[in-house]
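Observations on the model geometry
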Amino acid sequence: MKWIISYAVILLIPLIVSAIVYMQTTQIVEYEIQRANSAMLKQVKYIVDSELKQAEKLAAQLSIHTDVLKFLELDNETEAAQSYTIYKTGQELNKYKSANDFISGIYIYSSKLDKMLTSETYAESELFYSMMHKSNTYTYEQWLQDLHNQQLKKYQWMPIVESGKSANTAVFMESLSRKAAGVRHGTLILPLNRNKIQHLLENVDWVNKGEVYIVDDNDRILFQNRDGKGIAGSSLQLINDKENMVTYVESDTTKWRYVSVFPTDVFWEKAREIHKLNLLGLLICCLIGGGVITYFARKNYDPIQQLVNIFPNVKMERKGETDEYTFIRESVLATLQERDDMNNSQMQQLRVLQSYYLSKLLKGQTEQAMSVKEAAKIHRMEWLSEHFAVLLFYMNPNQETELPLNLSHFIVSNIVKDLIGRQHNVLFTEMDGLLAAIVNIHPERLEAWQEDMEAAVSKAHEFIEQRYRLSFAVSGSDMYSSLEGIHPAFLQALEAQEYRLILEENTFVWYGDIKPDDTVYAYSINEELILINLIKSGDFQKASEMVDSMITHIFSHQASIEMVKCLLIDLASTMIKVVPQETHKTTLWEERRPVKRLLACSSRAEFRQELLEILSTVCELVNAKLLMASSSRVAEQVAEFVETHYADVNLSVSMIGTHFGFTPQYVSKLFKEYAGGGLHDYISQTRIKEAKRLLEQGASIDETALHAGFLSSSAFIRVFKKYEGITPGRYKSIHSPLRNNDRA
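As the structure is a prediction and not an experimental result, all values here were calculated from the model.

1. Some points on the overall build of the protein
For the protein, the helix and strand inventory stands at 25 helices and 15 strands. When burial is assessed residue by residue, the protein has 40% of its 744 residues classed as buried. Pairs at least 24 residues apart make up 62% of the contacts formed inside the protein by residues separated by at least 6 positions. Surface summary for the protein: the accessible area is close to 43,300 Å², and the carbon and sulfur share equals 53%.

Right under this line is the structure:
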C-alpha cells in the first residue's frame, strides 16, 4: 500500500505541473498580448515622433527665416509699402507646407498688425478665427490668449474648420520673439494633418479587431485608427474596461501616449482549445498511470517478502505503523547495535589499558624484562622503531571559548595525531592536567624528526585557533633510543614547559634550546655603574633601553630558572640604591613594596613590567630633586635672554620656551617661582624701560616703538599707558631735554 501511494505521488508531479501550466495560461496569454501590443506601439511611436520632430524642426527654421522676421517687424504704417514682402512670405509658407504633408497648414500671427498670414490667405485675426477656428467651446478671446502667450511652445487641442466642417485636431504653437529684447512679435501655428495620422494608424500591421489611440496628458483622445468605442476629444477612461487589454507607451517628443486597446476574446478562442486538450491529457495520464502503478507495486513486493522470511524465528508485529520495511530495518539495526556495543566496550577497555600503560612509561615504571615489541603486542600498539620523544601540550586559558579541559585535549589530540601520524606514530595520554604525547619516530626520519614535529604542530595550532578559538603551547624533549628513555624525555619536556612559561614567547620549545650551560654571572659591576649614572641623571629613556638590553641578555643565556630570578632581583636592587635616602621611608615607597611584587612575578613579561615601573618611580624621584636645584638657574638665564633680545618683535613666552627646550607653561612657572612675577609682564616692563630712556633722549614715538621691540606705535602706546598710567607723548613732553632747558 505504501508503494502504491508513493508511485501515485510520483505520478502527481507531472499532473501538478500540467495543472499549474493550465492555470498559468491566462498569464501567458496576457503576457503575449502585452508584448505584441508594446512592439506595435513602439513602431507607431517611432513613426509619429519622427514626423513631430520634423514639424518642430520646420518651426525652428521658420522662426529664423528672413521673410518671416521681416513680416513680424511690420506695423500699420509700413504694411502698405511692404505688400510684396507679405505676398512673398505667403509663397514661402506654401513651399514649406507642400514639402511636409504631416501638417495641414502654416499660420503666422503678427501681434503688431493683429493679422494672420497663411499660405492661402492674409486676414484680420477676428476674421481668420471666424473662418478657421470658430466653435462654441473655443471662443475668440481664448484663441487670442493662446496666441499672446509669451512662453508658448506646445501641442494644443484646437478646433479647425476643414471643408466646411469643424473638427478638433492637434496643433503645434510656438511664440516668435526676439531673444535679446524678450519682446513677442508673433506666434507660429502648425495644424497637424489629422487624415494623415489616422491613415497612418489604420495601416499599422495588427489584428483588425484592435483599436489604436493617441492621447494627451489629460487622457483625451487626439487620434484613433478607426471609428470605435472612443470618440476624438473624449476621455480614454470610457473604453478601459474588463473586456479589453490596454497597453501604452510614452512619447519621447511630447507628453502624448500611444495606447492599444485590444479585446482579449480573440486570443482566448485559441486558449480554450489548448485548455480542452490539456484536460484530456491529464485524464489519460491518470488512467494509464493507475494501471502501471498497480503492476509494478505487485512485482516489486516479492523480494521484500523473501527478506521477511529470512527471520523465521522472529514474529512480525502488525501493529500501528509497522510494515515489512520497518520490520527488516529494526531487525538489522538491533543486530548491528549489539555488535557495535561489544566493539565499543572492548575499545574503551583497550584505551584505558593503553592510557595506563603510557602513564607508567612516562613515570618510568615499565617492566625491564619486556621488549618494545612484546609490550606493543599486549596493548595493541604498533611501534615503528625504538626511538622515542615526548611532547607536552599546555592549553592557554581563553575566556571566549570556555571549552572544558577534557574537550580541549580531545580536539588537540585528534588533530595533532592526524598530522603527525602521516610520518610518525604518536599516542596521547593525560598527565597532571597536561596533554602528553609519546612520539615513536620513523626510522627513515631520524635526521629531520624535529622539523616534522614543528611543521605538524604549527599547522594544527593555526587550524585549531581559527576553528575553535583554542590556543596551546608545546614543549618537547630530546630523542631517546629505548623504551626506558621515555621517562627522562618526559622530565625534559616538563622542564622545557616551565622555562616556556617564564619566557612567554614561543608556542614550541625544545629542551635542547633551553638546556642550562656553564655561563658566568651575566651582570657585571661596570654595567651596574653605568645604570646607576643613567638613573642619577634622570634619563629614563636611556635607562629603560639599558634595562631591556640587560633583560634580553639575561634570557639569552641558557641559565637555570633560579639563576634568572637571582639576576633580575639583583637588577632591581641596583635601581633601589639610587633612590634618595629621604624617600626610602615615605608612604609611597611603603605602599608600592617593589621587591615583594617582583618576587611574585612568574613570567618574562611580568618581570620586565615590574622592573620598568621601579625604574620609572626612581627616575621621577631623582628628576624631582634635580629640578629643584636647576629651576633658579633656568630663571636667571631667561631673564638674561630677555635683556638681550627685548628689541626683537617676535620675542614671546613661546619663543623663549623653544630656545630653552621647555614648554611655554613650564618656562612661565619657573620664572614666576624665581622672580615672583609673570614672564610676559617682565618682557613688557623691560621694553617700557628702554622706551622711557629713548623718550627722555628726544626720540619720536615711532622710533621708540621700533627700537623697543613693539609691532606698531598703537601697540606701544597701549602697553605704555597700561604700565605707566600716561601716554608716551605725555611722558616725552614732561621729560624731554628741550622742556627741561626751558624750565631752567
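2. With respect to the environment of Met131
Relative to the elements of secondary structure, Met131 occurs in helix H4 (residues 125-132). Taking the C-alpha atoms as reference, Met131 lies 9.6 Å from Glu162; in sequence the two are 31 residues apart.

3. Description of the sheet that holds strand E9 (residues 244-250)
By definition, the strands of a sheet pair up through backbone hydrogen bonds, in either a parallel or an antiparallel sense. Strand order in this open sheet of 4 strands is E8-E7-E10-E9, and the pairing throughout is antiparallel. At either margin of the open sheet sits one strand with a lone partner, and together these are strand E8 (221-224) and E9. Within the sheet, the average angular offset between the axes of one strand and its neighbour, ignoring direction, is 25°. Here E9 runs beside strand E10 (residues 257-263); their pairing, made up of 7 bridges, is antiparallel. Residue Tyr248 lies in a different strand from E10, and its bridge partner there is Val259. Lying over the sheet, helix H6 (residues 194-202) contacts strand E7 (211-215) and E8, oriented at roughly 60° with respect to E8.

4. Quick look at the nonpolar core
Core analysis: the biggest nonpolar cluster contains 38 residues, and Leu192 and Trp256 have the highest contact counts within it. It is helix H1 (residues 2-63) that contributes the most residues to this core, 9 residues altogether. Among all residues touching Trp256, those that are not within four sequence positions of it are Leu52, Tyr155, Ala170, Leu192, Ile214, Val215, Asp216, Leu222, Phe223, Val249, Glu250 and Ser251.

5. Things to note about the sheet that holds strand E15 (residues 508-510)
Taken in spatial order, the 5 strands make up an open sheet running E12-E13-E11-E14-E15, and their pairing is mixed. Of all the strands in the sheet, just strand E12 (425-431) and E15 have a single pairing partner and so form its edges. Between one strand and the next, the sheet's axes are offset by a mean angle of 20°, whatever the strand orientation. On top of the sheet, helix H8 (residues 324-363) reaches strand E11 (388-395), E12 and strand E13 (434-440); it is set at about 85° to E12, its chief contact.

6. Brief notes about the packing of aromatic side chains
Two measures describe an aromatic ring pair: the distance that separates the ring centres and the angle between the ring planes. On inspection of all chains with the given rule, the structure shows 18 aromatic pairs. An angle of 75° between the planes, with centres 5.2 Å apart, marks the rings of Tyr295 and Phe296 as edge-to-face. Three or more aromatic residues joined by ring pairs make a cluster, and in this case those are Tyr107, Phe128, Tyr129, Tyr140 and Trp143. A cation over a ring is seen here: Arg257 above Tyr248, with NZ or CZ 5.1 Å from the ring centre. In this structure, Arg467 packs its charged tip against the face of Tyr468, placed 5.7 Å from the ring centre.

7. Quick look at the packing of helix H19 (residues 653-660) against helix H20 (residues 664-675)
Relative orientation of the contacting elements H19 and H20 amounts to 95°, with a least axis distance of 8 Å. By the angle class used here, H19 and H20 are roughly perpendicular. In contact with Val653, Ser654, Ile656 and Gly657 of H19, H20 contributes Pro664, Val667 and Ser668. Tallied by class, the residues present in the contact of H19 with H20 amount to 4 nonpolar, 3 polar and no charged.

8. Thoughts on a nonpolar patch on the surface
Side chains of Leu280, Leu283, Ile284, Leu287, Ile288, Val292, Tyr295 and Phe296 sit close together on the surface and give an oily, nonpolar patch of about 800 Å² of accessible area. Of note, Val292 is situated in helix H7 (residues 265-308). Taking the relative accessible area as the measure of exposure, Val292 reaches 39% and is therefore partly exposed.

9. Let's talk about the environment of Ile304
Take Ile304: it is sitting in helix H7. Residue Ile304 is classed as buried on the basis of its relative accessible area, which comes to 10%. Here the alpha-carbon distance between Ile304 and Glu324, two residues 20 residues apart in the chain, equals 7.1 Å. When sequence neighbours within four positions are dropped, the list of residues in contact with Ile304 reads Trp3, Glu324, Tyr325 and Ile328.

10. Some thoughts on the pairing of strand E14 (residues 472-476)
Most of E14 is tucked away, with 5 of its 5 residues classed as buried. Residues Phe472, Val474 and Gly476 point to one face of E14 and Ala473 and Ser475 to the other, with burial holding for every one of them. As judged from the 5 bridges shared by E11 and E14, these two strands associate in the antiparallel manner. Residue Leu391 lies in a different strand from E14, and its bridge partner there is Gly476. Sheet topology note: the E14/E15 ladder contains 3 bridges and is parallel. If you follow Gly476 over to E15, its bridge partner there is Trp510.

11. Here's the deal with the side chain of Glu92
Secondary-structure assignment places Glu92 in helix H3 (residues 83-99). For Glu92, a relative accessible area of 18% puts it in the buried group.

12. Examining the pattern of salt bridges
Evaluated as defined, the whole model comprises 13 salt bridges. Asp452 serves as the salt-bridge partner of Arg445, at 2.7 Å between the closest nitrogen and oxygen. Residue class for Asp452 comes out buried when judged on its relative accessible area of 9%. Salt bridges sharing partners connect three or more residues here, namely Glu79, Lys115 and Glu124.

13. A short note on helix H23 (residues 713-724)
Between the first and last C-alpha of H23 there are 16 Å, a value that for 12 residues agrees with the 16 Å anticipated at 1.5 Å per step. Along H23, the residues classified as buried are Ala715, Phe716, Val719 and Phe720. The buried residues of H23 occupy an angular sector of 125° when projected down its axis, which confines them to one face. Those residues of H23 that are exposed and aimed more than 90 degrees away from the buried face are Arg718 and Lys722. Those residues of H23 hidden inside the fold are in contact with helix H21 (679-696), helix H22 (701-707) and helix H24 (728-735). At the C-terminal side of H23, Gly725 shows a positive phi close to 85°.

14. Regarding the state of the cysteines
On inspection of all chains with the given rule, the structure shows 0 disulfides. Cysteine Cys285 remains unbridged, with the sulfur of Cys286 as its closest cysteine sulfur at 7.0 Å. Taking relative accessible area as the criterion, Cys285 reaches 41% and is therefore assigned partly exposed.

15. A look at the environment of Met655
Mapped onto the elements of the fold, Met655 is located in helix H19. With a relative accessible area of 26%, Met655 lands in the partly exposed category.

16. Some points on the pairing of E12
E12 sits mainly inside the fold: 6 of its 7 residues count as buried. One ladder, built from 7 bridges, connects E12 with E13; its direction is antiparallel. Counterpart to Met431 in the pairing with E13 is Leu434. Hairpin connection, E12 to E13: the antiparallel pair is bridged by 2 residues, and Asp432 has positive phi, about 55°.

Parameters and conventions
- Residues numbered from 1 in each chain as written.
- Predicted model: local features only at pLDDT ≥ 70, side-chain atom pairs only at ≥ 80, totals over all residues.
- Heavy atoms only, no water.
- Helix = DSSP H or I, 4+ residues; strand = E, 2+ residues; numbered from the N terminus.
- Buried < 20%, exposed > 50% of the residue type's maximum accessible area, 1.4 Å probe, protein only.
- Contact = heavy atoms within 4.5 Å.
- Areas by Shrake-Rupley, 256 points an atom, 1.4 Å probe, with all protein chains shown as cover.
- Pairing = 2+ DSSP bridges.
- Axes fitted to C-alpha atoms, helices over the stretch in contact; angles between N-to-C directions.
- Core = buried A, V, L, I, M, F, W, Y, C linked by side-chain atoms within 4.5 Å.
- Phe/Tyr/Trp six-rings, centres within 6.5 Å; stacked < 30°, edge-to-face > 60°.
- Lys NZ or Arg CZ within 6 Å of the ring centre and 35° of its normal.
- Parallel < 35°, antiparallel > 145°, perpendicular 65-115°, else oblique.
- Nonpolar A, V, L, I, M, F, W, Y, C, P; charged D, E, K, R; others polar.
- Patch = residues over 30% accessible without salt bridge, like charges linked within 9 Å, V, L, I, M, F, W, Y side chains within 5 Å.
- Salt bridge = Lys/Arg side-chain N within 4 Å of Asp/Glu carboxyl O.
- Expected span 1.5 Å × (residues − 1).
- Arc of directions from axis to C-beta.
- Disulfide = S-S within 2.5 Å.

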